[in-house]
Amino acid sequence: MNGGTTSGGRGNAGGARLGNGKDNGNGSRPGSGSRAASTRISPARLVAVDVLEAVRADEAYANLLLPTRIRRAGLSRADAAFATELTYGTLRMQGFYDRVIELAANRPAEAVDPAVLDVLRLGAHQLLATRVATHAAVNEQVELARRVAPKAAGFANAVLRTISRTSPEEWRELVAEGTSGEDARLAAVTSHPEWIVRALRTALEHEGRGDELEALLHADNASPRVNLAVLPGLGVDTTGIDGFEPDRFSPIGAVAGDPIAAAEASGGRIRVQDEGSQLAALALSRAVPVRPGERWLDLCAGPGGKTAVLAAEALAGGARLSANETVPVRAELVRSAIAGVPLDVDVHVGDGRDLDLDVLGAPDGFDRILLDAPCTGLGALRRRPEARWRKAPADVAELTKLQGELFDSAFAALAPGGILAYVTCSPHTAETHGVLAAALRRAGSIAEQLDTRLVVEGLSQHPLDLAGAPETVQLWPHRHGTDAMFIALVRKRQGGASAAGAAR
C-alpha cells in the first residue's frame, strides 16, 4: 500500500469529512438531512446491524437471534442469505476489522461510539470480504451511521472511503506490521484472540500436526455448510428433497439444496446438525451392539440434538433413554428436539453433578451415558462467531473443574460394564486430554479406555484423517469440515463398584 494514501486517509477520517457536498451516487448528499433520508437501506443490512447490536449490548447469541430477526423482517431467501453472511462474517472478523478501522480513523476502536463501530465493522466486511459494490457499501452504511448517531455520518463516510481505497491484501500486511511474534501476527490477520491461537497450536502439536494451524484458523472464518441428520429407523422418505445426498462421514448425515426447509417439513425426523455432533452421539450408541432393555442417559442434554439421535438409536435397539439438563429453558429445547421420535424419554431438570439414580429410573446404573460437557466452544467458532470474543483464559480453569466433576458423576452412575462417552466441542487440551487423564487417575483400575478411533472409523462412510492416540478422536474444521469435536469412550470394568452406591 502507498504510504501517502494511508496517512492521507487517516487524516481525513480523523478530521475533515470526505464527500460532504458531493453526490454520493444516488442523488443525495451525505450532509443533506432532507435528501439523505431518501437513501434506502436494504432490509438485510438492517437485520444484520440489529443483531450485531444485540450481540454486543445484550450478549445475545447470533445463531439463536438471527433466524428470529430474519423471520420477523420477512426477508426473501436471497436477503436472508445476505443478512447471514453480513452478520456472521462481521462477527468472525471483528478483531481484524477493528484494527483496520483504527488505522483508517487514526484512533483506537474503543474511542468510537459502540453503535457506530458496529456500522463500521459491517461496512468493513462488505468492502474487504464481499462482492458488494463500494458505493452501495459506503452509502448505506453511512445512512445506518446517521440513524444510530446523526453527527457520526461524516466520520463514517471518511473511514469507509479510506478503507475502500486499499485492497484486503494490503490491509492484512498493514495489520500484521503492528504485531510482534508469529502467534500475534496470526491472531491479528485471522481475527482470533492470541490465547486461542496458542491453544489451537498446542492442540494440533499434540497430534503432531502443528503445521496445520494457519489452515485451521482460516477454516474458523469460513461459512460452514448446513448438515442434516436423518434420524435412523423412522422411515424418513428423502426422495423428494431437492439436492439431497448423503454426507461424507456420518452414516445418518446428509446435505440438501434447502436444508432448513427439509428439516422443517420432516416433523422432527430430519434435523440440522453438524456431522461431528452426529458422530459423537453414534460413537456411544454403536460402540457395541445394543441389548434390549439397556438404560441410557444424556447427562447434559440441552439443546437436544444429540439426544434426538440417541432417542432414535434407543428406539431401534430396544433401549430406554433419560435426559438431564440443568437449565429449565434448555430442558424444554430437549423436549422439542425429541418430539419427532416416538419414544418416551424422561427429561429431568437437575445438576448433573448430583444424580439420583432412583429418580432417573436406573437404580442399578446406566449402560451408556453421554457427557457432552459444557466447554469453551472453541471447536465451533465457525457457527458461534461471537464466542471467540467472549471467552477468556480464566474460563478454562473454571470449566475444567466442572468437566471433571461431571465426569466423576457420570462414571459413578455407570453400571458395571457400562460405557461413558466424554465429548467436548473444544480441542483445548486442558478440556480434552487434561480432564480425561485426571478423571481416569481418580477412577483407578475400574476405568478402561476403548479404541474410540476404531469405533468412529467404523461408523464413517469415507476414510477419516485422524491423528493422535487411538483412545480418543479429535475432529477438525479444516481437516474434516466438522466442528472440532473431541470424543473419548471409557468403560467401567465389570468388577467395578456398583453405581447405585457410588453415585451421589
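Residues numbered from 1 in each chain as written. Predicted model: local features only at pLDDT ≥ 70, side-chain atom pairs only at ≥ 80, totals over all residues. Heavy atoms only, no water.

### Looking at the overall build of the protein chain
- For the protein chain, the helix and strand inventory stands at 23 helices and 12 strands.
- Taken over the C-alpha trace, the protein chain has a radius of gyration of 25 Å; the compact-globule value for 504 residues is 23 Å, and the two agree within 12%.
- Considering only residue pairs separated by 6 or more positions, the protein chain has 74% of its internal contacts joining residues 24 or more positions apart.
- Accessible area for the protein chain stands at about 20,400 Å²; split by element, carbon and sulfur atoms hold 50% of it.
- With 55 positive and 61 negative side-chain charges, the protein chain shows a separation of 5 Å between the mean positions of the two kinds. (Helix = DSSP H or I, 4+ residues; strand = E, 2+ residues; numbered from the N terminus. Rg over C-alpha atoms; globule rule 2.2 N^0.38 Å. Contact = heavy atoms within 4.5 Å. Areas by Shrake-Rupley, 256 points an atom, 1.4 Å probe, with all protein chains shown as cover. Lys, Arg positive; Asp, Glu negative; His and termini not counted. Charge placed at Lys NZ, Arg CZ, Asp CG, Glu CD.)

### Regarding the nonpolar core
- The biggest cluster of nonpolar side chains holds 57 residues, and the ones touching the most others in it are Phe96, Leu120, Leu128, Val159, Ile163 and Trp171.
- Elements supplying a minimum of two residues to this core: helix H3 (43-58), helix H4 (62-73), helix H5 (77-92), helix H6 (94-105), helix H7 (114-129), helix H8 (134-148), helix H9 (153-164) and helix H10 (168-177).
- In contact with leucine 120, other than residues within four places in its own chain, are Ile101, Val112, Phe155, Ala156, Val159 and Leu160.
- Of all hydrophobic cores here, the second largest spans 47 residues; its members include Leu231, Ala281, Leu284 and Ala301. (Core = buried A, V, L, I, M, F, W, Y, C linked by side-chain atoms within 4.5 Å. Buried < 20%, exposed > 50% of the residue type's maximum accessible area, 1.4 Å probe, protein only.)

### Topic: the packing of H3 against H4
- Across the interface, H3 lies against H4 with an axial gap of 10 Å and an inter-helix angle of 145 degrees. Between H3 and H4 lies a crossing of right-handed hand. Of the residues in H4, those touching H3 at Val47, Asp50, Val51, Ala54 and Val55 are Ala62, Leu65, Leu66, Arg69, Ile70 and Ala73.
- Looking at the contact of H3 with H4, its residues break down into 9 nonpolar, no polar and 2 charged. (Axes fitted to C-alpha atoms, helices over the stretch in contact; angles between N-to-C directions. Left-handed = near helix turned anticlockwise from the far one by under 90°. Nonpolar A, V, L, I, M, F, W, Y, C, P; charged D, E, K, R; others polar.)

### Some details on the pattern of salt bridges
- With the rule as written, the count across this model stands at 35 salt bridges.
- A salt bridge links arginine 56 to aspartate 118, with the nearest nitrogen and oxygen atoms 2.8 Å apart. Taken together, the residues span a long stretch of sequence, with arginine 56 in helix H3 and aspartate 118 in helix H7 at a distance of 62 residues.
- Here arginine 225 and aspartate 247 are joined by a salt bridge, their closest N and O atoms 2.5 Å apart. (Salt bridge = Lys/Arg side-chain N within 4 Å of Asp/Glu carboxyl O.)

### Concerning the confidence of the model for the protein chain
- Averaged over every residue, the pLDDT of the protein chain is 91; the share at 70 or more is 90%.
- Taken together, the stretch residues 1-38 has pLDDT below 50 and engages in 58 contacts with residues farther than four places along the chain or on a different chain.
- Contacts from residues 498-504, a stretch scored under 50 in pLDDT, to residues over four places away or in other chains number 19 contacts. (pLDDT = per-residue confidence, 0-100.)

### What to know about the sheet that holds strand E4 (residues 270-272)
- Here we have 4 strands laid out as an open sheet, ordered E2-E3-E1-E4, and antiparallel in their pairing. Edge positions in the sheet fall to strand E2 (245-246) and E4, since each of these pairs with one other strand and no more.
- With 3 bridges joining them, strand E1 (residues 228-230) and E4 adopt antiparallel strand pairing. Residue pairing across strands places valine 230 opposite isoleucine 270, the latter belonging to E4. (Pairing = 2+ DSSP bridges.)

### A word on the packing of aromatic side chains
- As enumerated under the stated definition, the model contains 3 aromatic pairs in all.
- An angle of 75 degrees between the planes, with centres 6.4 Å apart, marks the rings of tyrosine 422 and phenylalanine 486 as edge-to-face. Note that tyrosine 422 is positioned in strand E9 (residues 414-424) and phenylalanine 486 in strand E12 (residues 486-492), a separation of 64 residues in sequence.
- In this structure tyrosine 422 comes out as buried when scored by relative accessible area, which is 0%.
- Pairwise contacts between aromatic rings join Phe407, Tyr422 and Phe486 into one cluster.
- One cation-aromatic arrangement involves arginine 390 over tyrosine 61; the distance from NZ or CZ to the ring centre is 5.1 Å. (Phe/Tyr/Trp six-rings, centres within 6.5 Å; stacked < 30°, edge-to-face > 60°. Lys NZ or Arg CZ within 6 Å of the ring centre and 35° of its normal.)

### Focus: the pairing of strand E7 (residues 346-349)
- Relative to E7, strand E6 (residues 320-325) runs parallel, the two being bridged by 4 bridges. Residue pairing for E7: alanine 323 is matched across the bridge by valine 347.
- In this fold, E6 hands off to helix H17 (residues 328-337), which returns the chain to E7; that crossover is right-handed. (Right-handed = clockwise from strand over helix to strand, strands pointing away.)

### Notes on the side chain of threonine 452
- Among the structural elements, threonine 452 can be located in helix H21 (residues 452-459).
- Accessibility expressed as a relative area gives 0% for threonine 452, which makes it buried.

### Things to note about unusual backbone geometry
- Going from glycine 302 to proline 303, the amide bond is cis rather than trans, its omega being 5 degrees.
- Of note, glutamate 59 is a non-glycine position whose phi angle comes to about 55 degrees, a positive value.
- Here the phi dihedral of serine 191 falls at roughly 60 degrees; this positive angle occurs in a residue that is not glycine.
- By the secondary structure assignment, serine 191 is in the loop between helix H11 (182-190) and helix H12 (194-206).

### Focus on the environment of glutamate 85
- Inspection of the secondary structure assignment puts glutamate 85 in helix H5.
- Sequence spacing of glutamate 85 and glutamine 126 is 41 residues, and the spatial spacing of their C-alpha atoms is 9.6 Å.

### Description of H9
- Over its 12 residues, H9 runs 16 Å from end to end, which matches the ideal 16 Å to within 8%, given 1.5 Å per residue.
- The element H9 is largely enclosed, with a buried count of 10 among its 12 residues.
- When we look at burial in H9, the residues that qualify are Ala153, Gly154, Phe155, Ala156, Asn157, Ala158, Val159, Leu160, Thr162 and Ile163. (Expected span 1.5 Å × (residues − 1).)

### Focus on the pairing of strand E5 (residues 295-298)
- The sheet contact formed by E5 and E6 spans 4 bridges and is parallel. In the strand pairing of E6, tryptophan 296 is matched with leucine 321.
- Handedness of the crossover joining E5 and E6 through helix H16 (residues 305-317): right-handed.
- Across 3 bridges, E5 lies against strand E8 (residues 366-372) in parallel orientation. When the sheet's bridge partners are listed, leucine 297 is paired in E8 with isoleucine 369.

### Some points on the environment of alanine 323
- If you trace the backbone, alanine 323 turns up in strand E6.
- By relative accessible area, alanine 323 is classed as buried at 0%.
- Residues alanine 323 and glutamate 448, 125 residues apart in the sequence, show an inter-C-alpha distance of 24 Å.
- Each residue touching alanine 323, except ones within four places of it in the same chain, is listed here: Leu297, Asp298, Ala301, Thr307, Val334, Val345, Asp346, Val347 and His348.

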